[in-house]
Amino acid sequence: MSRLRMTSCLLSLLLLALVSSIMATAQHAGCKIRITDKGLDMLKFETQKFVEEEISNISMPEMQGKEGRFQYTITNVKITELNLTHAELQFIPDVGLLFDVQNSSISLSFYRRILYWFFYDTGNINAAAEGVNINTALNLIRDDEGRLKINNITCDAKIDKMKAKFTGTLGKVYHFLSSFLTTGMRFLLNQKICPALNHAALVLVNSLLETIPVRTEVDHYIGIDYSLIDDPVVTSRSLDMHFTGMFYDLSNPNDTLVNYAVDPVIREYDRMVYLALSEYFFDSMLYSYYKAGIFQIYIVNEKMSKDMEMLLRTTYFGTLVMMNPALVDAPLSLKIAVNSPPKTTMKTSGATVFMTASVKVMVLPPGQPPIQLSSMTMETKFNAKFSMKGKRLAIHADLRRFKIFSNQSALESLALIPLQAPLKTMLQMSVVPLINNWTKRGVRIPLADGMDFIEEVVEYHNGFILIGANLHFSKGLREMITGSNQTEPETNTV
């Protein structure tokens, strides 16, 4: 009995350890996108037009045969008009999307050649399919590359009845043949609709989804990973997609920041689409730029204002004289280098970026190596504001707080007080514009070309920002799919 209890205890401990391990390794999303049922309503019109085009392009085979004394050949069958008046696009919880068409109609025309006894008759015939019902369910998954994909499609198409109107010499005689021909044509049309929609979803729409960036270069220094971390979450009201949302250094893509940030939460449904970005999204971007070594600026000669140069000469005049009086007239330089990855903080009051950097004052004797006069630490805090430009997230930074102190002594820190104001002005006039120049175009959000954010509202939360927006289609779904097969990979600028 004691052994059984011990075994049971060990199994419980192992199970607890397994669950704890799974929970500990659960990956948080750096980026989340929610498409609501309101967004689906807009997508419905594009989907309806696309389905109408696909059904219109159905090619019907030639029909020929013999019925009694009639010999017939039916050719050039064309769909002339579709009336999908009762079409709905809905979410299917835990599955994907449902496109449902009820009680609609299709108009057709075809060419007849009929032999009856010794009479030969030709001409066009108009037909109408009524009670057209199409029920199509799309299963959405995350594929092996982390991309959104239509995994399979279930389709059921049914036409209740079809009527044809014969005209010409033997129009009345063909009345009984009409029923025979339309029955065969209805059968063929029923068999053609679902394969056409299967091809549209699994080939054409999936080709469009493949254009949405998963792991792509942002600029010459960094890339971004937009792979899905799990299958999309589908409820009756929304489709939620959870992306890695991680930047990486192109020269060392395996050196990435671990995500310990708050997992963004989207609770809203009022707008068509919501974008949630955690602190990790921005921290990984800053970390990658830091690793790429671009957070450095060298200010010398014409890059340095005359006032700043005069102030530096005044501050370090005594040091220069003691070192070598000949250095008094040598050019001075400032080397600013971020010495640790910057950190983003999101709160309900706004977003800030904290950055520390080393500032070295150097004298540049002609024909000799630079000589360091002083080493300082600079602490800066920036306000960050976000806005959407189409499908790009733009960031604007403003200097909020600035402080410098000496790395050598408290006494020197006091002597540096006069440099505070001019250094702050220099940052505002040179470094901040440089940062905003990197970020003004923005980083692309994973939406297909032709689909953009409009009327956005930015909300700040503890640990993440939430952007609610409506969707605008600058292209039709057909045009988006056609363009997806022609567009070359895009390089973004951050």
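On a predicted model such as this, the values are computed, not experimentally measured, just so you know.

1. Describing the layout of surface pockets
Then step 1. Estimated volume of the second largest pocket: approximately 190 Å³.
Then step 2. Along the walls of the second largest pocket sit Ile 299, Lys 303, Met 304, Ser 305, Asp 307, Met 308, Pro 422, Thr 425, Met 426, Met 429 and Ser 430, which together make up its complete lining.
Then step 3. Going through the elements one at a time, α5 (306-315) and α8 (417-439) are the ones with two or more residues in the lining of the second largest pocket.
Then step 4. Of the residues assigned to the lining of the second largest pocket, the class counts are 6 nonpolar, 3 polar and 2 charged.

2. A closer look at the state of the cysteines
Then step 1. Evaluation of the coordinates by the stated rule reveals 1 disulfide.
Then step 2. Paired through a disulfide, Cys 155 and Cys 194 show a sulfur-sulfur distance of 2.1 Å. In this structure the cystine formed by Cys 155 and Cys 194 twists about its S-S bond by roughly -80 degrees; its chirality is therefore left-handed. Note that Cys 155 is positioned in strand β7 (residues 148-165) and Cys 194 in helix α3 (residues 175-209), a separation of 39 residues in sequence.
Then step 3. Among the residues examined, Cys 155 registers a relative accessible area of 24% and is labelled partly exposed.

3. Points about helix α2 (residues 37-56)
Then step 1. With 20 residues, α2 extends 28 Å from end C-alpha to end C-alpha; this agrees with the ideal 28 Å at 1.5 Å per step.
Then step 2. The axis of α2 is deflected most strongly, by about 30 degrees, at Leu 43.
Then step 3. Among the residues making up α2, those that are buried are Gly 39, Leu 40, Lys 44, Glu 46, Thr 47, Gln 48, Phe 50, Val 51, Glu 54 and Ile 55.

4. As for the sheet that holds strand β11 (residues 238-243)
Then step 1. On the basis of which strands lie adjacent, the open sheet formed by 6 strands has the order β10-β11-β1-β13-β22-β21 and antiparallel pairing. In the strand order of this sheet, the two ends are held by β10 (233-234) and β21 (451-461), each with one partner.
Then step 2. Taken together, the 9 bridges between β21 and strand β22 (residues 464-473) define a ladder with antiparallel strand orientation. For Asp 452, the partnering residue across the bridge sits in β22 and is His 472.

5. Observations regarding the nonpolar core
Then step 1. Among the nonpolar cores identified, the biggest contains 132 residues, and Leu 189, Phe 281, Phe 282, Leu 334 and Leu 393 are the most heavily contacted of them.
Then step 2. A per-element tally of this core places α3 first, with 13 residues.
Then step 3. Once residues lying within four places of it in the same chain are set aside, the contact partners of Leu 393 are Leu 277, Phe 281, Phe 282, Phe 386, Ser 387, Met 388, Gly 442, Val 443, Ile 445 and Ile 467.
Then step 4. Core analysis: the next-biggest nonpolar cluster, separate from the first, contains 5 residues, Ile 266, Tyr 274, Ala 276 and Leu 466 among them.

6. Focus: the pattern of salt bridges
Then step 1. Throughout the structure, instances matching the rule amount to 17 salt bridges.
Then step 2. Between Asp 449 and Lys 391 there is a salt bridge, with the nearest N and O atoms lying 3.9 Å from each other. Highlighted residues: Asp 449 in the loop between β20 (443-444) and β21 and Lys 391 in the loop between β18 (371-389) and β19 (392-406), separated in sequence by 58 residues.
Then step 3. For Arg 444, the salt bridge identified is with Asp 449, shortest N-O distance 3.6 Å.
Then step 4. Among the residues examined, Arg 444 registers a relative accessible area of 7% and is labelled buried.
Then step 5. One continuous salt-bridge network, built from bridges that share partners, spans Lys 391, Arg 444, Asp 449 and Asp 452.

7. Observations regarding the side chain of Arg 147
Then step 1. With respect to the element layout, Arg 147 can be found in the loop between β6 (119-142) and β7.
Then step 2. By relative accessible area, which is 13% here, Arg 147 ends up buried.
Then step 3. Among the polar contacts made by the side chain of Arg 147, one reaches the main-chain carbonyl oxygen of Glu 210 at a distance of 3.4 Å.
Then step 4. In this structure Arg 147 touches Ile 141, Arg 142, Leu 209, Glu 210, Ile 212, Val 214 and Leu 228, once residues within four positions along its chain are discounted.

8. Examining the packing of aromatic side chains
Aromatic rings considered in pairs are described by the distance between their centres and by the relative angle of their planes.
Then step 1. Evaluated as defined, the whole model comprises 6 aromatic pairs.
Then step 2. Between the aromatic rings of Phe 282 and Phe 386, the centroid separation amounts to 4.9 Å while the plane-to-plane angle is 40 degrees, which identifies the pairing as tilted. With a gap of 104 residues between them, Phe 282 in helix α4 (residues 279-292) and Phe 386 in strand β18 connect regions that are remote in the sequence. Comparing Phe 282 with Phe 386, the two get one shared label, buried.
Then step 3. Each ring, one from Phe 386 and one from Tyr 460, has its centre 6.3 Å from the other, and the planes form 45 degrees; the classification is tilted.

9. Re α5
Then step 1. Taken residue by residue, α5 has Met 308, Glu 309, Leu 312 and Arg 313 as its buried positions. For α5, the buried positions fall inside an angular range of 135 degrees around the axis, keeping them on one side. Exposed and oriented more than 90 degrees from the buried face of α5 are Lys 306, Asp 307, Met 310 and Thr 314.

10. Observations regarding empty space enclosed by the protein
Empty space among the atoms becomes visible once a probe the size of a water molecule is rolled across them.
Then step 1. Enumeration over the complete set of coordinates arrives at 3 cavities of 30 Å³ or more.
Then step 2. Residue lining of the largest cavity: 41 residues in total, with Leu 43, Leu 97, Ile 150, Val 205 and Leu 209 positioned closest to the centre.
Then step 3. Classifying every residue of the lining of the largest cavity gives 36 nonpolar, 4 polar and 1 charged.
Then step 4. Its boundaries defined by the atoms lining it, the second largest cavity holds a volume of some 260 Å³.

Cut-offs applied
- Residues numbered from 1 in each chain as written.
- Predicted model: local features only at pLDDT ≥ 70, side-chain atom pairs only at ≥ 80, totals over all residues.
- Heavy atoms only, no water.
- 1 Å grid on protein atoms, 1.4 Å probe; cavity = no way out; pocket = protein on both sides within 12 Å on 5 of 7 lines; lining within 4 Å.
- Points joined across faces, edges and corners; volume = space filled by probe spheres on them.
- Helix = DSSP H or I, 4+ residues; strand = E, 2+ residues; numbered from the N terminus.
- Nonpolar A, V, L, I, M, F, W, Y, C, P; charged D, E, K, R; others polar.
- Disulfide = S-S within 2.5 Å.
- Buried < 20%, exposed > 50% of the residue type's maximum accessible area, 1.4 Å probe, protein only.
- Expected span 1.5 Å × (residues − 1).
- Bend = angle between axes of the 7 residues up to and from the residue.
- Pairing = 2+ DSSP bridges.
- Core = buried A, V, L, I, M, F, W, Y, C linked by side-chain atoms within 4.5 Å.
- Contact = heavy atoms within 4.5 Å.
- Salt bridge = Lys/Arg side-chain N within 4 Å of Asp/Glu carboxyl O.
- Polar contact = N/O pair within 3.5 Å; in protein donor to acceptor, adjacent residues only side chain to side chain.
- Phe/Tyr/Trp six-rings, centres within 6.5 Å; stacked < 30°, edge-to-face > 60°.
- Arc of directions from axis to C-beta.

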